[in-house]
Amino acid sequence: MRTSAVSLLALFLLPLTAAAGDAFELVQVADGVYAAIPKPTAPMAIGSNAAIIVNESDVLVVDTHLTPSAARALLAEIAALTDTPVRYVVNTHWHPDHVQGNQAYFNVFPGGTEFISHHATREDIQKKAIPSVRDQLDSLPQQIAQAEEQLARGLGPDGEPLTEEQKPQRRQQIERQKAYLAELRQMQVTLPTLTFERSLILHKERRPIHILFFFKGHTRGDAVVYLPQEKVLITGDLLTAGLPFPRDSYPAEWVKTLRAVAGLDFAQAIPGHGPVQQGKEHLELVTQVFESVVEQVRAAVARGLTLEETKKAVDLEAFREAIMSDPVYGRAFHSRVEGTLERAYLEATGELQD
Ligand SMILES: [Zn+2]
């Protein structure tokens, strides 16, 4: 098992060294601290941002992307920065685009790598992320076949005709999905080896690294990584460009978490998706949107409104322009608001299960 993991990695490393630089834009936010932002033209499916923290004799990486190939591309970037080993991987939460690359770090460095998460996140990786690999393996071949068939007829995913310009782009998307499917067939999501309840502090020579949990939020086990010396916060999907994905969220608790996070002394935030954020302005905006959703939904539930009636009653137009000012992530404003509202309704009616 051990040898095969190592020799497999050796197989992958050669072509990937050449590809290093194609996958991520590396943004230095402090001495030895980098945000890795996926490039839209990356040759593989990446998903989340990562953060790289280079200590005196080791490296900590936050989040491992959707695929081991993306994680290996990040390893190639790290190798260009330092020859010290990646001793720690933090999974901010269980979502596949933050944990499916874990295996790329397994048994790679002499002395091993510790995988760190909140207790609930480890449990959710076991109960949700790992089964979701099987679900994706069941559904993806059919989706790819359908996309191929549509493309052969000159149609896009929405059934609309593609322009000559769009066709090669669509072909590329389908090729990327095929490559993703091939990776899923080899997927063995590595579980966290070290879990915490409230906080875990690594007292490194170069800096302290705080790994913190406040309340539920984007999921029930979101960790943030806080560097008090550099005033840098790494948020996972508690904060993203635009509005974060709400499907597994606890909106009222999320507001409490964001308020607590705002109390930390930081100047830059590396979000789960989207560019590095300066200051706390976007954090404040997202908090206000969620707070407004939660308050309006509570009032609607108190009046006895159904979910559909509540959807009609809740008004967030005041925030639309500010959120949609992000040309990429802002487009999801309405669907994200609706998803948050649905979760807030369940929360307000006491129906939200763990
Ligand atoms: Zn997420």
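Computed from a prediction, not measured in an experiment: that's the story for all the values here. (Residues numbered from 1 in each chain as written. Predicted model: local features only at pLDDT ≥ 70, side-chain atom pairs only at ≥ 80, totals over all residues. Heavy atoms only, no water.)

**Student:** Could you clarify how one ought to interpret the pairing of strand 1 (residues 24–30) in this entry?
**Tutor:** Look at any regular strand and the pattern is simple: side chains alternate between the two faces of the sheet. Where strand 1 meets strand 2 (residues 33–38), six bridges bridge the pair, whose relative direction is antiparallel. The partner of Val27 across the bridge, within strand 2, is Ala35. In sequence, strand 1 turns back onto strand 2 through a hairpin of two residues, with Gly32 there showing a positive phi of about 80°. (Pairing = 2+ DSSP bridges. Helix = DSSP H or I, 4+ residues; strand = E, 2+ residues; numbered from the N terminus.)

**Student:** Just checking my understanding: could you explain the domain arrangement of the chain for this structure?
**Tutor:** By convention, interface size is frequently given as the accessible area that disappears when the constituent parts associate. One can read the domain layout of the chain as domain 1 (2–122 + 191–277) and domain 2 (281–348). Measuring from the centre of the C-alpha atoms in domain 1 to the corresponding centre in domain 2 gives 28 Å. Contacts between domain 1 and domain 2 engage 25 residues on the former and 21 residues on the latter. For the pair domain 1 and domain 2, the interface holds two salt bridges. Note that Arg259 is salt-bridged to Glu284, the shortest N-O span being 3.5 Å. Where domain 1 meets domain 2, there are 10 residue pairs in polar contact (both at pLDDT 80 or more). Examining the composition of the side of domain 1 that touches domain 2, we find that nine residues originate from one element, helix 6 (residues 251–262), more than from any other. Across the side of domain 1 that touches domain 2, the residue classes break down as 15 nonpolar, six polar and four charged. (Domains from an automatic or database assignment. Contact = heavy atoms within 4.5 Å. Salt bridge = Lys/Arg side-chain N within 4 Å of Asp/Glu carboxyl O. Polar contact = N/O pair within 3.5 Å; in protein donor to acceptor, adjacent residues only side chain to side chain. Nonpolar A, V, L, I, M, F, W, Y, C, P; charged D, E, K, R; others polar.)

**Student:** Is there a simple way to think about the coordination of the zinc ion in this case?
**Tutor:** Ideal donor angles around a metal are set by the shape: a four-donor tetrahedron calls for 109.5 degrees, a six-donor octahedron for 90 or 180 degrees. Around the zinc ion, the donor atoms from the protein are His93 (NE2), His95 (ND1), His218 (NE2) and Asp237 (OD), and they sit 2.2 Å away. Around the zinc ion, the four donor atoms are arranged such that angles at the metal cover 86 to 167°; this shape is classified as irregular. Counting gaps between the donor residues of the zinc ion yields the pattern H-x1-H-x122-H-x18-D. Placement of the pair is His93 in the loop between strand 5 (86–90) and helix 3 (96–99) and Asp237 in the loop between strand 11 (232–234) and helix 6, with a sequence separation of 144 residues. With respect to class, His93 is no different from Asp237; both count as buried. (Donors = N, O, S within 2.8 Å, 3.2 Å for Na, K, Ca; no water. Tetrahedral: all angles 85-135°; square planar, octahedral: opposite > 155°, others 65-115°. Buried < 20%, exposed > 50% of the residue type's maximum accessible area, 1.4 Å probe, protein only.)

**Student:** Any chance you could explain the nonpolar core here in plain terms?
**Tutor:** General note: in soluble globular proteins, nonpolar side chains tend to be found buried as a group. Leu243, Phe266 and Phe290 are the most contacted members of the largest nonpolar core, which totals 33 residues. Elements supplying a minimum of two residues to this core: strand 10 (224–227), helix 6, helix 7 (281–302), helix 9 (317–324) and helix 10 (333–348). Considering every element that reaches this core, the biggest residue donor is helix 7, with eight residues. Look past the residues within four positions of Phe290 in its chain and what remains in contact with it is Leu243, Pro244, Trp254, Val255, Leu258 and Thr340. (Core = buried A, V, L, I, M, F, W, Y, C linked by side-chain atoms within 4.5 Å.)

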